[in-house]
Amino acid sequence: QAGDVQVTLEWFNKNDLDLHVVPPSGEEIWFQNKASNCGGKLSFDMNQAYQTADPHAAEHIFWPAGKAPLGEYKVYVTHFQTS
């Protein structure tokens, strides 16, 4: 999906990496909050289960064209693990 602001994480193993974006509004977008009030959306969340994980994985967060708020965006990645 395309838009004014796009962040894509791509990796090549079966780990469960999670993309996070914090837009200027401060409302974090990630797998537990896939759509923000300011219009940002997580397109897909991959590799939740190792048995069915894809070794060529990606996650993508975007704002539709003309809808991205002005300001600073923070992007980070976590390695999700269950205990």
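Heads up: the structure comes first, above all this text.
From a predicted model like this one, the values you see are computed outputs, not experimental measurements.

**Quick notes on the overall build of the chain**
Secondary structure assignment for the chain yields 0 helices and 5 strands. Written out in order from the N terminus, the α and β elements of the chain read β-β-β-β-β. The C-alpha radius of gyration computed for the chain amounts to 13 Å, which stays within 12% of the reference 12 Å derived for 83 residues, consistent with globular compactness. Structurally, the chain occupies a C-alpha span of about 40 × 25 × 15 Å along its principal axes. Relative to its 83 residues, the chain shows a buried fraction of 34%. At a minimum sequence separation of 6, the contacts of the chain that also span at least 24 residues come to 65%. When the accessible surface of the chain is summed, it comes to about 5100 Å², and 51% of that surface belongs to carbon and sulfur atoms. Here the chain contributes 5 positive and 10 negative side-chain charges, whose respective centroids are spaced 6 Å apart.

**Points about the side chain of Glu59**
In this structure, Glu59 sits in strand S4 (residues 57-63). Salt bridges are absent for the buried Glu59, whose nearest opposite-charge side chain, Lys34, sits at 9.0 Å. A polar side-chain atom of Glu59 sits 3.1 Å from the main-chain amide nitrogen of Leu19. A polar atom in the side chain of Glu59 sits 3.2 Å from the backbone nitrogen of Met46. For Glu59, the residues in contact, after removing those within four places along its chain, are Val7, Thr8, Leu9, Trp11, Leu17, Asp18, Leu19, Leu42, Phe44, Asp45 and Met46.

**Digging into the pairing of strand S2 (residues 17-22)**
A large share of S2 lies buried, amounting to 6 of its 6 residues. Side chains of S2 alternate between two faces, with Leu17, Leu19 and Val21 and Asp18, His20 and Val22 buried alike. Bridging between S2 and strand S5 (residues 74-79) involves 6 bridges; their strand directions are antiparallel. Across the sheet, the residue bridging to Asp18 is Thr78, located in S5.

**Here's the deal with the sheet that holds strand S3 (residues 41-44)**
Backbone hydrogen bonds are what pair the strands of a sheet, in a parallel or an antiparallel way. Strand order in this open sheet of 3 strands is S1-S4-S3, and the pairing throughout is antiparallel. Edge positions in the sheet fall to strand S1 (5-11) and S3, since each has one partner strand and no second. Neighbour-to-neighbour, the strand axes of this sheet turn through a mean angle of 20 degrees, independent of strand direction.

Analysis parameters
Every chain is numbered independently, its residues counted from 1 as its sequence is written. Given that the model is predicted, a residue must reach a pLDDT of at least 70 before its local features are reported, and side-chain atom pairs must reach 80 or more before they are shown or counted; all residues, however, enter totals for whole chains, interfaces and linings. Note that the side-chain values use all heavy atoms of the structure and ignore hydrogens as well as water. Here a helix means four or more residues in a row that DSSP labels H or I, a strand means two or more in a row labelled E, and each is numbered from the N terminus. As defined in this context, the radius of gyration uses C-alpha atoms, and a globule is described by 2.2 Å times the residue total to the power 0.38. Exposure categories follow from relative accessible area, calculated using a 1.4 Å probe and restricted to protein chains: below 20% of the type maximum is buried, above 50% is exposed, and the middle band is partly exposed. The contact criterion used throughout is that any non-hydrogen atoms of two residues lie within 4.5 Å. Note that accessible areas follow from Shrake-Rupley with a 1.4 Å probe, and for residues the cover is restricted to the protein chains shown. Positive charge is attributed to Lys and Arg, negative charge to Asp and Glu, and no charge count is given to His or to the chain ends. The location of each charge is read from NZ of Lys, CZ of Arg, CG of Asp or CD of Glu. The term salt bridge refers to a pairing of a side-chain nitrogen on Lys or Arg with a carboxyl oxygen on Asp or Glu at a separation within 4 Å. What qualifies as a polar contact is a pair of N or O atoms within 3.5 Å, subject to a donor-acceptor requirement within protein and to the restriction that residues adjacent in sequence count only when both atoms come from side chains. When DSSP finds at least two bridges between two strands, those strands are taken to pair. Helix axes are fitted only over the stretch in contact, all axes being lines through C-alpha atoms; the angle between N-to-C directions runs from 0 to 180 degrees.

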